[in-house]
Amino acid sequence: MEQHEVTEVLNRPLSRELLARDLTRLAYVAPDGTPRNVPIAFTWNGSQVVLCTTRNAPKLPSLRRNPQVALTIDTEVHPPKILLIRGRAELDDVDGIPEEYLRMNGSYEMTPEQRAEWEAEVRSLYDGMVRIVVTPTWAKLIDFETTLPTAVEELVRRRAERQGG
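How each quantity is defined
Each residue is numbered by its place in its chain's sequence as written, counting from 1. Residue-level local features of this predicted model are given only where pLDDT is at least 70; pairs of side-chain atoms are given and counted only at 80 or more, and the full residue set underlies all totals for whole chains, interfaces and linings. Side-chain calculation: all heavy atoms of the structure are included, whereas hydrogens and water are not. Helix numbers and strand numbers start at the N terminus; a helix is a DSSP run of H or I with at least 4 residues, a strand a run of E with at least 2. Partly exposed describes any residue whose relative accessible area lies between the buried limit of under 20% and the exposed limit of over 50%, with all areas from a 1.4 Å probe on protein chains only and scaled to the type maximum. Contacts are assigned to residue pairs that have any heavy atoms within 4.5 Å of one another. Note on areas: Shrake-Rupley with a 1.4 Å probe; residue coverage comes only from the protein chains shown. Positive charges come from Lys and Arg, negative ones from Asp and Glu, while His and the chain ends are left out of the count. Note that the charge is assigned to NZ on lysines, CZ on arginines, CG on aspartates and CD on glutamates. Following DSSP output, two strands are said to pair if at least two bridges run between them. Ring pairs are drawn from Phe, Tyr and Trp, using the six-membered ring of Trp, whenever the two centres fall within 6.5 Å, and their geometry is named by plane angle: stacked under 30 degrees, edge-to-face over 60, tilted for the rest. The rule for a charge over a ring is simple: NZ of Lys or CZ of Arg within 6 Å of the ring centre, and within 35 degrees of the ring normal. Arc definition: it is the arc formed by the directions from the helix axis to the C-beta atoms.

A. Region of interest: the overall build of the protein. Counting secondary structure elements, the protein contains 6 helices and 7 strands. Across the protein, helices and strands are ordered from the amino to the carboxyl terminus as α-α-β-β-β-β-α-β-β-α-α-β-α. Across its three principal directions, the C-alpha atoms of the protein cover 70 × 40 × 25 Å. The buried share of the protein, reckoned over its 165 residues, is 37%. Taking all contacts inside the protein whose residues are at least 6 apart in sequence as the whole, residues at least 24 apart take part in 68%. When the accessible surface of the protein is split by element, carbon and sulfur atoms take 52% of a total near 9800 Å². A gap of 7 Å separates the mean positions of the 21 positive and 25 negative side-chain charges of the protein.

B. Just the pairing of strand E7 (residues 128-142), in detail. Within E7, 12 of the 15 residues are buried, leaving the element largely enclosed by the surrounding structure. Here strand E4 (residues 49-54) runs beside E7; their pairing, made up of 6 bridges, is antiparallel. Residue Val 50 lies in a different strand from E7, and its bridge partner there is Val 133. Pairing between strand E6 (residues 82-95) and E7: 14 bridges, direction antiparallel. In the strand pairing of E7, Gly 87 is matched with Pro 136.

C. Region of the structure containing the packing of aromatic side chains. Counted by the stated rule, this structure contains 2 aromatic pairs. Measuring from ring centre to ring centre gives 6.1 Å for Tyr 101 and Trp 118, while their planes differ by 25 degrees; the resulting arrangement is stacked. Remark: Trp 118 occurs in helix H5 (residues 112-125) and Tyr 101 occurs in helix H4 (residues 99-104); sequence separation between them is 17 residues. Look at Tyr 101 and Tyr 126: their rings are 6.1 Å apart centre to centre, the planes differ by 75 degrees, and that puts the pair in the edge-to-face class. Of this pair, Tyr 101 sits in helix H4 while Tyr 126 sits in the loop between H5 and E7, and the two are 25 residues apart along the sequence. Looking at Tyr 101, the relative accessible area reads 13%, which means it is buried. Pairwise contacts between aromatic rings join Tyr 101, Trp 118 and Tyr 126 into one cluster. Over the ring of Trp 138 we find Arg 86, and its NZ or CZ is 3.7 Å from the ring centre.

D. Up close: helix H1 (residues 3-10). When we look at burial in H1, the residues that qualify are Val 6, Val 9 and Leu 10. For H1, the angular spread of the buried residues around the axis is 95 degrees, confining them to a single face. Packing partners of the buried residues in H1 comprise helix H2 (13-19), strand E3 (43-44), E6 and E7.

So, in structure tokens, the structure goes:
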């Protein structure tokens, strides 16, 4: 997929809505060669997906060995709205708490007192974190109205061919 095609998908209004959510599913290959898929908070900076994790997270050795990842951001309604992203994870070890981590966890409903308590707890627990930065190299938006999963698109095309010919 060409970069301008990725950008076009990510700039669609529905994609922007999904990129404003706070949870994605990160898929990667574990050390034993099997797939892993973990929910993780994220933020979109306009061109990259930024995730943050502990320095001792089990996913980090896997991402260092094979940085190819896939992300799914979706809704919980029917029909679901789904944004699929593939890219390469770059790891950035950061002293202290990355600003993105504080931002990505800012949409949870907390009183100002709860927020201050949460932030103090985070700062006392982590001496640093790892930013996982994913630059999208492929993207697909599925809304089940104007776009469908590729396999379903193929079935629709085949049905039209049968009916037309």
